Structure formats: C-alpha cells, structure tokens
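Okay, here's what each chain looks like letter by letter:
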Amino acid sequence: MRIGFALPQFGPLAHHPEDIARFAHRAEELGADSLWVGDRLLAPVDPIVGYAGTDVIPPEFRASLDPFTVLAAAATATERVQLGTNVINAPWYPPAVLARSLTTVDLLSAGRLLVGLGTGWSPEEYEAVDIPMAERGRRLDECLDALDVWWTRNPVEYRGEHWTVPASHIDLKPASRPHPPVYLGAFAPAAMRRVARRADGWLPVAIVPAAPGDPDPIAALAGQLAGVREAVEREGRDPAAFDAILRINPNADASVDDIATALVRAEREAGVQHAFVDLIYLGKNTDQVLDLVQRVLERARAS
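To start, this report covers the structure provided alongside it.

Cut-offs used in this document
Residues numbered from 1 in each chain as written. Predicted model: local features only at pLDDT ≥ 70, side-chain atom pairs only at ≥ 80, totals over all residues. Heavy atoms only, no water. Helix = DSSP H or I, 4+ residues; strand = E, 2+ residues; numbered from the N terminus. Rg over C-alpha atoms; globule rule 2.2 N^0.38 Å. Buried < 20%, exposed > 50% of the residue type's maximum accessible area, 1.4 Å probe, protein only. Expected span 1.5 Å × (residues − 1). Contact = heavy atoms within 4.5 Å. Pairing = 2+ DSSP bridges. Right-handed = clockwise from strand over helix to strand, strands pointing away. Polar contact = N/O pair within 3.5 Å; in protein donor to acceptor, adjacent residues only side chain to side chain. Phe/Tyr/Trp six-rings, centres within 6.5 Å; stacked < 30°, edge-to-face > 60°.

Observations regarding the overall build of the protein
The helix and strand tally for the protein stands at 9 helices and 13 strands. Over its C-alpha atoms the protein spans a radius of gyration of 19 Å, differing by no more than 12% from the 19 Å that the globule rule assigns to 303 residues. Principal-axis analysis of the C-alpha atoms gives the protein an extent of 55 × 45 × 40 Å. Out of the 303 residues belonging to the protein, those deemed buried represent 53%.

Describing helix α3 (residues 95–108)
Taking 1.5 Å as the rise per residue, α3 with 14 residues should run 20 Å; its terminal C-alpha atoms sit 20 Å apart, in good agreement. Restricting attention to buried positions, one finds in α3 the residues Pro-95, Leu-98, Ala-99, Ser-101, Leu-102, Thr-103, Val-105 and Asp-106. As for α3, its buried residues are in contact with α2 (67–77), β4 (88–89), β5 (113–118) and α5 (136–152). Backbone geometry just downstream of α3 places Ala-110 in the positive-phi region, at approximately 60°.

Digging into unusual backbone geometry
Of the consecutive residues Asn-86 and Val-87, the connecting peptide bond is found in the cis state with omega at -10°. For Val-87, the position within the fold is in the loop between β3 (82–85) and β4. Here Arg-177 and Pro-178 are connected by a cis peptide whose omega angle stands at 5°. Within the secondary structure layout, Pro-178 lies in the loop between β7 (164–168) and β8 (182–184). Of note in the backbone geometry, Ala-52 takes a positive phi value of approximately 55° without being a glycine. Topologically, Ala-52 is positioned in the loop between β2 (34–37) and α2.

Notes on the environment of Gly-120
If you trace the backbone, Gly-120 turns up in the loop between β5 and α4 (123–129). We classify Gly-120 as partly exposed; its relative accessible area is 23%. With 13 residues separating them along the chain, Gly-120 and Met-133 place their C-alpha atoms 9.2 Å apart. Setting aside its immediate chain neighbours within four residues, Gly-120 contacts Asn-89 and Arg-136.

So, the pairing of β2
Judged by which residues are buried, β2 turns out to be covered on both faces: Ser-34 and Trp-36 on one side and Leu-35 and Val-37 on the other are all buried. In the sheet, strand β1 (residues 2–6) pairs with β2 via 3 bridges, with the strands oriented parallel. When the sheet's bridge partners are listed, Gly-4 is paired in β2 with Ser-34. Following the backbone out of β1, through helix α1 (residues 20–30) and into the adjacent parallel β2, one traces a crossover that is right-handed. When β2 meets β3, the two strands line up parallel, connected through 4 bridges. Looking at the pairing, Val-37 lines up with Thr-85 of β3. The parallel pair β2 and β3, bridged by α2, forms a crossover whose chirality is right-handed.

As for α2
For an α-helix the count is 3.6 residues per turn, leaving residues at separations of three or four pointing the same way. Looking only at α2, the buried set comprises Pro-67, Phe-68, Val-70, Leu-71, Ala-74, Ala-75 and Ala-77. Buried-residue contacts for α2 involve α1, β2, β3, β4, α3 and β5. At the N-terminal end of α2, a side-chain oxygen is found 3.3 Å from the backbone nitrogen of Phe-68, two or three residues along, and the residue is Asp-66.

Things to note about the packing of aromatic side chains
For the coordinates displayed, the defined rule picks out 7 aromatic pairs. With 5.5 Å between their ring centres and 50° between their planes, Tyr-51 and Trp-121 make a pair best called tilted. With Tyr-51 in the loop between β2 and α2 and Trp-121 in the loop between β5 and α4, this pair connects stretches of sequence that are 70 residues apart. An aromatic cluster is defined as three or more aromatic residues linked by ring pairs; in this entry it consists of Phe-10, Tyr-51, Phe-61 and Trp-121.

Structural data, given as structure tokens:
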C-alpha cells in the first residue's frame, strides 16, 4: 500500500508555515508516498451546518493556510512523493483560476499532482465567496468540463451556465498527460453517480477509531467500493481502471496502532492500494507530527 499524510495546514501547525518544506522533505525521507492538503476558508461562530454530522466546527479549523501555496512549498522541497488535494471545493473558484493554480503545482512537481475535488458543506463558506450553495453540484460539473478543455486544447474556449472562458491561447499545460488524474469526494447519491460517470477515482473517508455504536468504517468501505465499481461499469467504463484513495481521519483518542490497523485492514479487506492519514487532531507541533508519521509507517509496514 502507498501511505501518505496531510501537510501541516490547519490548527496549531498553520501558525508555522515556515515548517511546511521541512515537514515535506522529512516525510519523504521517512518513506511517505504522498502529501495532501484540504480547503477550509473559515470557521463560523454559529454554524448553520456543523462538521461531520455534528453541530460544531472543530477549533482546528480556525486557522488554515491556502492549499495551493502549501502544495507549492511541498513540491519544491520534495522529489518523489505525489501531491494531492482532498479536497479542493471547486465551486468556489472560477475554472480558469483553478486550472492555472493546479497546472502550476503540477509543473512545479514534474507531474506529481493528484487532483481531488468536491463541493464542501459549509453555507457560511459559500456566503463568503458569494456563490449560491444550491448551485454547487452544477458548478462542479461545469468546472470538470472547463478543466478538461483548459488542459487538453489550445486555443481554449468554454461557455457554460455559470462559467465562461473566452477563446484564449493557453500554452502552459500540465506535465501529466493528458492531465492529472481527477478524483471526487462524494457521499450523497447524486454525487456518487457523478463519481461513477466522470471521475478517475473516489476519495472515501474512514474515522478511526469508530465512535461507539457506529459501524466499522473499514467493513463499510469494502461494500461501498464494490458498489461504486459496479456503478462505474454500468456507465460503460472499466472498473479495473477506477482508483480509490482512502483518507484516514484519526480522532483525538486514536493510537498509532489504531491508525496502522486501519491501513492494513483497508488493504486486505477492501483492496485499497493508496491511503493517507490526517493527523490534525493529534499533532501539536511539526516535530511531534513527524514522529507520528515515522511510527505509523513503521507499524503499518511491519504488519
């Protein structure tokens, strides 16, 4: 299994952006296979919708660094690891702006970018970017269309309901050809149909350890992956070419053994070949997180 980790982007670690390059370089030395960013804009005081089924926003989301800047720093500090977004909230960005940012990171990294897109869940974040949240699904579809045109044609022209790219010469294309793989984060039925129809892969999530009374996330994952691959086949696509990258979200009570066991089980029971661990709730400083990275890698690969 390929094992990656989230970059120091949120919470206490966000206050030390000077550590991004050091973290990325050291994580690669330790054997990490990928490094990841997310996309949080703000933490509402009185949220309309809380995080992950709760009615609150974690305090770790009160400090967040720009994902593209963090990826650029990691790209220049590493040589081998893949660099991923899980996820960029695509409807927040005009496709031309998003395409330019993603292309830049892919070129900086010599083709190591994995593009993960989603729609987010916070009404306040949509209010802050002045985009109607009710349009998020349609805007994501348009964004996928526009990105494909931007990356594969020249001149580039796109005209949709919400976004327009006038006929333009765009000479810079990604190092990855025809473009970086595009994954989608999704859970709702309509979003899962989009994954099956349009994505190179899916971005599932497993919370470790499961809360009392919640189903086993790895056992559930195996069934979910089988279902999405069946949906991919119904769309006339090759399920064997469809990928999945699992995000392991350890909670504040998780141990290294909990994380390593989840990684091993995801490979053995669900056939997952690539996963990454987000240590946002366990890491208070860069050195502590790097120590956790080393211990998780050693424990998982010894199993």
